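Each chain, written out:
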Amino acid sequence: AQTVTQSQPEMSVQEAETVTLSCTYDTSESDYYLFWYKQPPSRQMILVIRQEAYKQQNATENRFSVNFQKAAKSFSLKISDSQLGDAAMYFCAYRSAWVQGGSEKLVFGKGTKLTVNP
Amino acid sequence: DAGVIQSPRHEVTEMGQEVTLRCKPISGHDYLFWYRQTMMRGLELLIYFNNNVPIDDSGMPEDRFSAKMPNASFSTLKIQPSEPRDSAVYFCASSPWKGAGYTFGSGTRLTVV
């Protein structure tokens, strides 16, 4: 079974600075998808960024980018020019891409609480 | 697109009562998921459907929990009888195809007293 580990329960960053959230995962599959979700105090789960494992190029979405290291099974999220609205819980998640089998479920890490200081 | 719609947003009920949570997925999404979120256990998959058919219900805690998807636009999660340990936020999410990210509803916060 796949597992996702977020080793930083809490992180803080100054407004306008850059912060990196760590995520590692364990899988025997070669093809899969990785995601970062944001959960602000409103509790809404918001998709931040998605990475396909067969793509070597790191995904980017505006101020959000990832560092995907497939061999190391590492998938970190970098937030540039941090804003107060970035304060939230951030969850890393894994989803199998196995066509004939594999579960469709997203496997989530425990989350990292990000605080943005003005 | 109104997104995934869940109701109610909050539910407070007494132990032993039946609770029904409702979800309307995004039109055209083939997959529907029910997750539970607690501080202790994080986000746990309860059950998911593909084209209205339950595929994996291994996360359903026990027989007190049941889920249905009578059509492509509606699903329910029922707890009968409810217990205090069922208190959690319950999320419904839908997804258009394998590998796509989920779109989550705003969740139902259930409190069983």
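Everything that follows concerns the structure shown earlier in this document.
Residues numbered from 1 in each chain as written. Chains lettered and ligands numbered in written order. Predicted model: local features only at pLDDT ≥ 70, side-chain atom pairs only at ≥ 80, totals over all residues. Heavy atoms only, no water.

1. Focus on the overall build of chain A
Helix and strand content of chain A: 0 helices and 12 strands. Ordered by position in the sequence, the α and β elements of chain A form the string β-β-β-β-β-β-β-β-β-β-β-β. Relative to the 2.2 N^0.38 estimate, which gives 13 Å for 118 residues, the radius of gyration of chain A is 14 Å and therefore close to what a compact globule would have. Summarising its shape, the C-alpha atoms of chain A cover approximately 50 × 30 × 20 Å along the three principal directions. Evaluated residue by residue, chain A yields a buried proportion of 47% over its 118 residues. Sequence separation of at least 24 residues holds for 56% of the intrachain contacts in chain A that already meet a minimum separation of 6. (Helix = DSSP H or I, 4+ residues; strand = E, 2+ residues; numbered from the N terminus. Rg over C-alpha atoms; globule rule 2.2 N^0.38 Å. Buried < 20%, exposed > 50% of the residue type's maximum accessible area, 1.4 Å probe, protein only. Contact = heavy atoms within 4.5 Å.)

2. What about the nonpolar core?
Grouped together as the largest cluster of nonpolar side chains are 26 residues, with contacts concentrated most on Tyr25, Trp36, Phe75, Leu77 and Tyr90 of chain A. Every element with two or more residues in this core is listed here: strand 3 (19–21), strand 5 (32–39), strand 6 (46–52), strand 8 (64–69), strand 9 (74–79), strand 10 (88–96) and strand 12 (112–117) of chain A. Here this core gets 4 residues from one element, more than from any other, and that element is strand 10 of chain A. Those residues within four positions of Leu77 of chain A in sequence are excluded, and the remaining contacts are Val19, Thr20, Leu21, Trp36, Ile49, Phe64, Ser65, Val66 and Tyr90 of chain A. Counting residues in each nonpolar core, the second largest holds 21 residues, with Cys23, Ala67, Met69 and Cys92 of chain B among its members. (Core = buried A, V, L, I, M, F, W, Y, C linked by side-chain atoms within 4.5 Å.)

3. A look at the side chain of Asp86 of chain A
Inspection of the secondary structure assignment puts Asp86 of chain A in the loop between strand 9 and strand 10. Residues contacting Asp86 of chain A, with those up to four places away along its chain left out, are Lys38, Arg63, Phe64, Ile79, Asp81, Leu114 and Val116 of chain A.

4. Concerning the packing of aromatic side chains
All names here are of chain A. According to the stated counting rule, one finds 18 aromatic pairs over all chains in the structure shown. With a centroid separation of 6.2 Å and 40° between ring planes, the pair formed by Tyr25 and Tyr94 is classed as tilted. With Tyr25 in strand 4 (residues 24–26) and Tyr94 in strand 10, this pair connects stretches of sequence that are 69 residues apart. Exposure class is identical for Tyr25 and Tyr94. Each is buried. (Phe/Tyr/Trp six-rings, centres within 6.5 Å; stacked < 30°, edge-to-face > 60°.)

5. Side note on the pairing of strand 5 of chain A
Residue and element names in this part refer to chain A. Most of strand 5 is tucked away, with 8 of its 8 residues classed as buried. With burial as the criterion, each face of strand 5 is covered, one bearing Tyr32, Leu34, Trp36 and Lys38 and the other bearing Tyr33, Phe35, Tyr37 and Gln39. In this structure, strand 5 lies alongside strand 10, joined through 8 bridges in antiparallel fashion. Looking at the pairing, Tyr32 lines up with Ser96 of strand 10. Bridging between strand 5 and strand 6 involves 6 bridges; their strand directions are antiparallel. Pairing of Tyr37 across the sheet is with Leu47, part of strand 6. Counting the residues in the hairpin turn of strand 5 and strand 6 gives 6 residues, including Arg43, whose phi is positive at 75°. (Pairing = 2+ DSSP bridges.)

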